[in-house]
Amino acid sequence: MTDYAREHLKKQFRRGKMLTLILLLFGLAVTVIYFFANAGDWIKWIVPFSVPVITFSHWFDPAWLFVPLALIALAGWMMLHLGRLFGRELIIAAMIVYLACNLVLIPFYSLLATASWQPVYLGELMLLGVCGVVYPILVLVALHIWNPRRK
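Reading the values: the criteria
- Residues numbered from 1 in each chain as written.
- Predicted model: local features only at pLDDT ≥ 70, side-chain atom pairs only at ≥ 80, totals over all residues.
- Heavy atoms only, no water.
- Helix = DSSP H or I, 4+ residues; strand = E, 2+ residues; numbered from the N terminus.
- Expected span 1.5 Å × (residues − 1).
- Buried < 20%, exposed > 50% of the residue type's maximum accessible area, 1.4 Å probe, protein only.
- pLDDT = per-residue confidence, 0-100.
- Patch = residues over 30% accessible without salt bridge, like charges linked within 9 Å, V, L, I, M, F, W, Y side chains within 5 Å.
- Areas by Shrake-Rupley, 256 points an atom, 1.4 Å probe, with all protein chains shown as cover.
- Salt bridge = Lys/Arg side-chain N within 4 Å of Asp/Glu carboxyl O.

Caption draft 1: Fine view of helix α1 (residues 3-36). Here α1 contains 34 residues, and its C-alpha end-to-end distance of 49 Å stays within 8% of the 50 Å for a straight helix at 1.5 Å per residue. All of the buried residues in α1 are G16, K17, T20, L21, L23, L24, G27, L28, V30, T31 and F35. A positive backbone phi angle near 50° is found at N38, which sits one or two residues after α1.

This is how it looks when you write it as structure tokens:
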């Protein structure tokens, strides 16, 4: 491998590592703000779990699920940063839970919104679900760019 290729891989490694950290910190920050700061209605558009909170709040406090989930993903990044490869699986598992909650509940609530004959609810639901689907995919793409298994 040439020096140029090796340097390019190091830059890609650093970019993926920082992008993953930024995304995970964003997820933790909006989670904490959403649950504990009473920031208002504007925050619900950028949290990665707006739609599942609607459902889960009927049975339990969703903060008990989503705050530890954000902390687990960040702990996975720290483990990877310290050289423990098990952290990659923690990040992937947390993002799969985010994605699964959204991909199961968004169609369900879409059907309920269309059954109520109020398209305003459907539009709001789709806007709430955008970050919930995009955020975990962006984290997984950043993790792939980082590729911590490569040495």
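Caption draft 2: Examining the confidence of the model for the protein more closely. Residues with a pLDDT of 70 or more make up 94% of the protein, whose mean pLDDT is 80. The weakest mean pLDDT in the protein belongs to helix α2 (residues 50-56) at 73; the strongest belongs to helix α3 (residues 63-81) at 87.

Caption draft 3: View of the environment of K10. As for its position among the elements, K10 is in helix α1. Spatially, the C-alpha atoms of K10 and T55 are 43 Å apart, while their sequence positions differ by 45 residues.

Caption draft 4: Region of the structure containing a nonpolar patch on the surface. Side chains of F26, I33, W42, W45, I46 and L127 sit close together on the surface and give an oily, nonpolar patch of about 540 Å² of accessible area. Mapped onto the elements of the fold, L127 is located in helix α5 (residues 119-146). Judged by its relative accessible area of 52%, L127 is exposed.

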